[in-house]
Amino acid sequence: MSDRLPATCFAVVLALCAPLAGQIAELRARADSLLVEWQLAKQFADLQDSLRLARERGGRDTIRVGALVFLVNRSPLPLREAAATAWPQIERFYGPAAQAFAQRPFLIQAVDPDTNEDVPPGWAIKILWNTEVAPLARALITIADLGPLDPALRDWLGGVVVPRFDSGPGHAEVYIQLVTAPSQAAQRCYRGDRAACRDALSLSDMTDPATRWYGPDERRALAAMEFDSPFAGARRREQAAHACEQGSDSICLELLRALPPGRLPPPLDYQARLTLLETAVRVGGAGTFQRFLATPAGPMGSRLAAAARVSEDSLIERWRNDVLAARPTPVPLPVLGAWVALGWIVVFGTCGLRSSRWRVS
Amino acid sequence: MFRVVLYGQWKWSRIVVILGTIAGFALPILSVQGTTNDPTSAMKAGELLSVIQSWGVLYPVLAAAIGLLVAIATWAPDHRGRHVLALSLPLPRWRYVLLRFTAGLVLLVPAMLGVLAGAVLASATAALPPGLETYPVALAIRFALALGVAYAVFFAISAGTTRTAGIILGLIGAVIVVQVVASAAGIELDLTSPFLAVVMNLPGPLAIFTGRWMLIDV
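This is a predicted model, so every value here is computed, not measured.

Participant: I'm lost on the overall build of chain A in this one. Help?
Facilitator: The helix and strand inventory of chain A stands at 16 helices and four strands. With 361 residues in all, chain A has 40% of them scored as buried. At a minimum sequence separation of 6, the contacts of chain A that also span at least 24 residues come to 66%. Surface summary for chain A: the accessible area is close to 19900 Å², and the carbon and sulfur share equals 58%.

Participant: Please clarify how the pattern of salt bridges should be interpreted in this entry.
Facilitator: Working definition: two side chains of opposite charge can pair if their charged atoms are close together. Residues and elements named next belong to chain A. All chains considered together, the criterion is met by 20 salt bridges over all chains. Put simply, aspartate 249 and arginine 219 hold a salt bridge, and the shortest N to O gap is 2.8 Å. Placement of the pair is aspartate 249 in helix H11 (residues 249–257) and arginine 219 in helix H9 (residues 216–226), with a sequence separation of 30 residues. Each member of the salt-bridge network shares a partner with another, and the members are Arg194, Arg198, Glu312, Asp313, Glu317 and Arg320.

Participant: Help me understand the interface of chain B and chain A, please; the structure alone is not making it clear to me.
Facilitator: Accessible area lost upon the coming together of the parts is a frequently used measure of interface size. Facing 45 residues of chain B, the contacting portion of chain A comprises 34 residues. Buried area between chain B and chain A, both sides added, is near 3500 Å², and the carbon and sulfur share of it is 72%. Counting across the interface, chain B meets chain A through two salt bridges. Of the charged contacts in the structure, one is a salt bridge between Glu218(A) and Lys44(B), with a shortest N-O distance of 3.7 Å. Our count for the chain B to chain A interface comes out at four residue pairs in polar contact (both at pLDDT 80 or more). A total of twelve residues in the side of chain B that touches chain A trace back to one element, the largest contributor, which is helix H6 (residues 136–159) of chain B. Looking at the side of chain B that touches chain A residue by residue, the class counts come to 27 nonpolar, eleven polar and seven charged.

Participant: How do you make sense of the packing of helix H3 (residues 58–80) of chain B against H6(B) when you look at a structure like this?
Facilitator: Geometrically, a packed helix pair is captured by the angle between its two axes and the distance between the axes. All names here are of chain B. Running from N to C, H3 and H6 point in directions that differ by 35 degrees, and their axes come no closer than 7 Å. Read as a crossing pair, H3 and H6 show a hand that is right-handed. Of the residues contributing to the contact of H3 with H6, the split by class is 19 nonpolar, four polar and no charged.

Participant: For this particular structure, what's the right way to read the packing of aromatic side chains?
Facilitator: Remark: the centre distance and the inter-plane angle together describe each pair of aromatic rings, the angle taken between the planes. Enumeration according to the criterion identifies 16 aromatic pairs over all chains in this entry. Plain terms: the ring middles of Tyr175(A) and Tyr190(A) are 5.9 Å apart, the flat faces sit at 85 degrees to each other, and that makes the pair edge-to-face. Residue Tyr175(A) is located in helix H5 (residues 168–180), and its partner Tyr190(A) is located in helix H6 (residues 184–190); the two are separated by 15 residues in the primary sequence. For the pair Tyr175(A) and Tyr190(A), a shared accessibility class is recorded, and that class is buried. Here Phe101(B) and Phe155(B) contribute two aromatic rings whose centre-to-centre distance is 4.9 Å and whose plane-to-plane angle is 65 degrees, an arrangement assigned as edge-to-face. Of the two residues, Phe101(B) is situated in helix H5 (residues 93–125) and Phe155(B) in helix H6; the sequence distance between them amounts to 54 residues. Exposure remark for Phe101(B): the relative accessible area of 9% places this residue in the buried category. Each member of the aromatic cluster is reached from another via a ring pair, and the members are Phe70(A), Phe93(A), Tyr94(A), Phe101(A), Phe106(A), Phe165(A), Phe289(A) and Phe292(A).

Participant: Honestly, the confidence of the model for chain A in this entry has me stumped. Any pointers?
Facilitator: Close reading of the predicted structure is inappropriate where its pLDDT is low. Looking at chain A as a whole, its pLDDT mean stands at 83, while 82% of the residues score no less than 70. Of all the helices and strands in chain A, helix H10 (residues 234–244) of chain A carries the lowest mean pLDDT, 67, while helix H2 (residues 79–94) of chain A carries the highest, 94.

Participant: Any chance you could explain the nonpolar core here in plain terms?
Facilitator: For soluble globular proteins, nonpolar side chains are generally found buried alongside one another. Core analysis: the biggest nonpolar cluster contains 124 residues, and Tyr94(A), Phe101(A), Leu304(A) and Trp319(A) have the highest contact counts within it. At 15 residues, H6(B) tops the list of elements feeding residues into this core. Of the domains in this structure, domain 2 (61–144) and domain 3 (151–209 + 267–330) of chain A are the two that each give at least three residues to this core. Those residues in contact with Tyr94(A) that lie beyond four places of it in its chain are Phe101(A), Ala144(A), Asp145(A), Leu146(A), Val161(A), Pro163(A), Ala286(A), Phe289(A) and Gln290(A).

Participant: Would you mind going over the side chain of Arg198(A) with me for this structure?
Facilitator: For Arg198(A), the position within the fold is in helix H7 (residues 194–200). Setting aside anything within four residues of it in sequence, one finds Arg198(A) in contact with Leu203(A), Ser204(A), Glu312(A), Asp313(A) and Ile316(A).

Participant: For this particular structure, what's the right way to read the sheet that holds strand E3 (residues 106–111) of chain A?
Facilitator: Hydrogen bonding along the main chain pairs the strands of a sheet, whether they run parallel or antiparallel. Residue and element names in this part refer to chain A. Taken in spatial order, the four strands of this open sheet run E1-E2-E3-E4, and their pairing is mixed. At either margin of the open sheet sits one strand with a lone partner, and together these are strand E1 (61–65) and strand E4 (125–128). Across this sheet, the average inter-strand angle for adjacent strands is 35 degrees, counted without regard to direction. Across three bridges, the pairing between strand E2 (residues 68–72) and E3 is parallel.

Reading the values: rules and limits
- Per-chain numbering applies: the sequence of each chain, read as written, is numbered from 1 onward.
- Both sets of labels track the order of writing: A upward for chains, 1 upward for ligands.
- Thresholds applied to this predicted model are a pLDDT of at least 70 for local features of residues and 80 or more for the giving and counting of side-chain atom pairs; totals over whole chains, interfaces and linings are not thresholded and use all residues.
- As a rule here, side-chain values come from all non-hydrogen atoms in the structure, and water together with hydrogens is ignored.
- A helix here means a DSSP run of H or I that spans at least four residues, while a strand means a run of E at least two residues long, and both kinds are numbered starting from the N terminus.
- Type-normalised accessible area, obtained with a 1.4 Å probe on protein chains alone, sets the label of each residue: buried when under 20%, exposed when over 50%, and partly exposed for intermediate values.
- Note on contacts: a residue pair qualifies if any of its non-hydrogen atoms lie within 4.5 Å across the two residues.
- In this description, accessible areas are obtained by the Shrake-Rupley approach with a 1.4 Å probe, and a residue is regarded as covered only by the protein chains that are shown.
- Salt bridges, as used here, are contacts in which a Lys or Arg side-chain nitrogen is within 4 Å of a carboxyl oxygen on Asp or Glu.
- Buried area, as used here, totals the accessible surface that two parts lose on assembly, with accessibility defined by a 1.4 Å probe and the loss added over both.
- We call two N or O atoms a polar contact when they sit within 3.5 Å, provided that within protein one can donate a hydrogen and the other can accept it, with sequence-adjacent residues counted only if both atoms are side-chain atoms.
- Under this grouping Gly is polar, as are all residues other than the nonpolar Ala, Val, Leu, Ile, Met, Phe, Trp, Tyr, Cys and Pro and the charged Asp, Glu, Lys and Arg.
- Angular values range over 0 to 180 degrees, each being the angle between N-to-C directions of two axes fitted as lines to C-alpha atoms, with helices fitted over their stretch in contact.
- Definitions for this section: a left-handed crossing has its near helix turned counterclockwise from the far helix by less than a right angle. A right-handed crossing has that turn clockwise.
- Under the pairing criterion, centres of Phe, Tyr and Trp rings, with the six-membered ring standing for Trp, must be within 6.5 Å; the plane angle then separates stacked pairs below 30 degrees from edge-to-face pairs above 60, leaving the rest tilted.
- Residue-level confidence of the predictor is summarised by pLDDT, bounded by 0 at the bottom and 100 at the top.
- We call a set of buried Ala, Val, Leu, Ile, Met, Phe, Trp, Tyr and Cys residues a nonpolar core when their side-chain atoms join them within 4.5 Å.
- Domain delimitation in this document rests on an assignment produced automatically or drawn from a domain database.
- When DSSP finds two or more bridges between a pair of strands, those strands are recorded as paired.

Written as structure tokens, this is what we have:
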């Protein structure tokens, strides 16, 4: 009896699967036909895109400055002068890697500032043609982004690579972040703990950022903030409202770990990371970016340090010194304001002296 | 002569001076109540700056209030007495007004010192997170200047005739009326913003009142 059981079961399964086999073949045929349709639709979409691009590029001048290539409609926009101002800085930052711009032309649409007509849609960067040279050069530096050459860099930065060296205000902003960010990693970094700086900037492998960035109190506040939303699940909101806020750090951690990747706010933002990249380029010289692109994938700290040809610790120390040196000037008493106030006291006092109120009749 | 004028003004405005001094002394101390050495209940740097900034709004308000009340108290008895005392004194008009103005400025000193003492005491007792510093002297100097400007403005207005005050108020009212009418008619006309920009930004007379009043900052 027991010897016959497996054979019986096998026969039953075969009998049940016979009609399914026919269905699978039919479904596969339908899926294949859908694939053909999708490929056809994609070809049409690509054709449409290339036609639109060709239309946008048509009738445009080509301006080349260094490796920068601009396709721009005819207008008084001082693009060549601005590009001539911007290119040396871009080249100094990216070094030999800047030649990549030759293969990545910028499509510029100079827009009449006085027109009421709608700006034509498209991929072109729209700029008013009465923009002056200096702001236009700054804009060109901002759009000179080679971040797409290294997706890991772009992900880590959380924004575009801006090839700048004059980020005094940027460093000052980072100083304020270091002092005020509700993160123990940022505060320890401010006090000189290089490992904490590494954590706060996500320079090493960040398997559990909630514990590396934040202390228990900070995690409690973060969990309360993140899950105080109608989009958070009811159970999680309940947990956040009770267990976590009542002091259960393990529940807070569980909640924060359940957040989608990238949702947990880093203690130091894009600005801080961009200043670190800037420090690396300043330390390593013009070839830094090229070397960075050549480094194998891995933690961002070691890649930046290798590109800058210094140790990771000394790169971080250099960055931290730059940030601390850019401490913003406190604002309570502007010197000019004090003198102006004294002047107004004298002015109004003199007005009082000249009053005629007591010439009573 | 100055002592007599000062004594008279002190009698008329002592309540304002005393209350203003107490308020000026208390304000910085109250603003740092959230700081503590206990790490479990201490405020984070960002929170502390936010609280200090909120309290900071009260410094220019206090300066304007004390300046206004002392300036009114300076002239009120003269106005009530129809300036008989001033006219009976063997003094040129400008000298009498100068005595009144200077005496009023002297009466503002206790409030200025109150803020300085309060700010120094608050700075000495506050437990600050790393990276933050206190600026008691700068805050007290700024308060003194704002107090001086407020007093001078209201002194000049009080010393003027009713007609002068009417002209100033009329001009301000006219600007507001024109702005309202233009907005109602859909005309793009912005008179109030340029006016406020002139008055509130440097080198405008009220620029000292604007901006952040921070006893504690980075």
